[in-house]
Amino acid sequence: MNINSIKSRLREMLSKERLEHSINVSEVARDLALNFGCNVTKAEIAGLLHDCAKDLDYKTLQAMIKEYNIKTDKLIYKIPKLLHPLVGAAIAEKEFNIQDSTILKAIRIHSTGAVNMSILDKVIYLSDKIEPLRNMEGVEEVRKIVWEDLDRAMLMVLDKELLYLISEGLLIHPVSIKARNNILNKVVYT
Ligand SMILES: [Fe+2]
Ligand SMILES: [Fe+2]
């Protein structure tokens, strides 16, 4: 499926705001991919599709996890926002016929992060957080640093995410803590 047919299919699946966000993410991802020498088309596709399951309700997401036999863990069901990346990767594969495992992985981990993220993984994770419609505190600083140092930008965003979850009294998936330790080791301790 090419970029244009992905876009027109997404138009049927997503709200106007979500579609706009997805297009923005794919545009930032394309520029970051160019900047860091990773595959531009893969970045665009992963950016477009990363939230393709985000407008589905909790029950539908649960049903699709069963239907597609998606590997998950019990904790994820208690953190509803972590379901859409898993289902999104499955939809990208089954309904958009994306076979590239690096694209599917970038979609799958775009909310939690992961240990040993590839450049594409980081590009998608960060594009999602810094696209023009995003306005989290400190986003301007990340928008500057990201062009020089993907890892430092990752660390800044992971720190912000974890601090937010703690301040709101929300559950943290251990994968996010591992991702942050992994990046922290790379940026500070090596
Ligand atoms: Fe998402
Ligand atoms: Fe997103």
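Tell me what's going on with the coordination of the iron ion (ligand 1), and back it up with residues and numbers.
Only D51 (OD), H84 (NE2) and H110 (NE2) from the protein coordinate the iron ion (ligand 1), and they sit 2.1 Å from it. All donors of the iron ion (ligand 1) belong to a single chain; written as a sequence motif, their spacing is D-x32-H-x25-H. Distance-wise, the iron ion (ligand 2) is placed 3.6 Å from the iron ion (ligand 1), both being coordinated by D51. Highlighted residues: D51 in the loop between α3 (40–49) and α4 (58–67) and H84 in helix α6 (residues 83–94), separated in sequence by 33 residues. Accessibility assignment for this pair places D51 and H84 in one class, buried.

Describe the coordination of the iron ion (ligand 2), listing the residues and the values that go with them.
Every protein donor of the iron ion (ligand 2) is listed here as H21 (NE2), H50 (NE2), D51 (OD) and D128 (OD), and their distances to the metal cover 2.2 Å. Metal-centred angles of 81 to 178° between the four donor atoms at the iron ion (ligand 2) mark the site as irregular. Read from N- to C-terminus, the donor residues coordinating the iron ion (ligand 2) fall into the pattern H-x28-H-D-x76-D.

Go over the nonpolar core, please, and point to the residues and values.
Ranked by size, the top nonpolar core spans 62 residues in total, and within it I6, L10, L49, V87, I91, I98 and L126 carry the most contacts. Dropping the residues within four chain positions of it, L10 is found in contact with L19, L48, L49, C52 and F96.

So, the pattern of salt bridges: which residues are in play, and what are the values?
In total, this model carries twelve salt bridges according to the counting rule given. Here the residues in one salt-bridge network are K122, D151 and K186, joined through shared partners.

Summarise the side chain of D51; cite the residues concerned and give the values.
One buried charged side chain, D51, makes no salt bridge at all; its nearest oppositely charged neighbour is R18, positioned 4.6 Å away. Once residues within four sequence positions are removed from consideration, D51 is found in contact with L14, R18, H21, S22, H84, H110 and D128.

Tell me about the packing of helix α2 (residues 16–36) against helix α8 (residues 119–130), residues and numbers included.
With their axes 8 Å apart at the nearest point, α2 and α8 run at an angle of 135° to one another. It follows that α2 is oblique to α8 by the angle criterion. In this structure, α2 crosses over α8, and the sense of that crossing is right-handed. The segment α2 lies against α8, with H21, V25, V28, A29, L32, A33 and F36 engaging I119, V123, I124, S127, D128 and I130.

Give a description of the environment of V188 that names residues and reports values.
Examined against the element boundaries, V188 turns out to sit in the segment after α11 (174–187). Taking C-alpha positions, V188 is 32 Å from I45, a pair spaced 143 residues apart along the chain.

Outline unusual backbone geometry, supporting the account with residue identities and numerical values.
A positive phi is found at N69, a non-glycine position, where the angle reads about 55°. Turning to its location among the elements, N69 is positioned in the loop between α4 and α5 (74–78). Residue classification places N69 among the exposed residues on the basis of a relative accessible area of 70%. Positive phi values are uncommon outside glycine, yet N116 reaches one of about 55°. For N116, the position within the fold is in the loop between α7 (101–108) and α8.

Reading the values: rules and limits
- Residues numbered from 1 in each chain as written.
- Chains lettered and ligands numbered in written order.
- Predicted model: local features only at pLDDT ≥ 70, side-chain atom pairs only at ≥ 80, totals over all residues.
- Heavy atoms only, no water.
- Donors = N, O, S within 2.8 Å, 3.2 Å for Na, K, Ca; no water.
- Helix = DSSP H or I, 4+ residues; strand = E, 2+ residues; numbered from the N terminus.
- Buried < 20%, exposed > 50% of the residue type's maximum accessible area, 1.4 Å probe, protein only.
- Tetrahedral: all angles 85-135°; square planar, octahedral: opposite > 155°, others 65-115°.
- Core = buried A, V, L, I, M, F, W, Y, C linked by side-chain atoms within 4.5 Å.
- Contact = heavy atoms within 4.5 Å.
- Salt bridge = Lys/Arg side-chain N within 4 Å of Asp/Glu carboxyl O.
- Lys, Arg positive; Asp, Glu negative; His and termini not counted.
- Axes fitted to C-alpha atoms, helices over the stretch in contact; angles between N-to-C directions.
- Parallel < 35°, antiparallel > 145°, perpendicular 65-115°, else oblique.
- Left-handed = near helix turned anticlockwise from the far one by under 90°.

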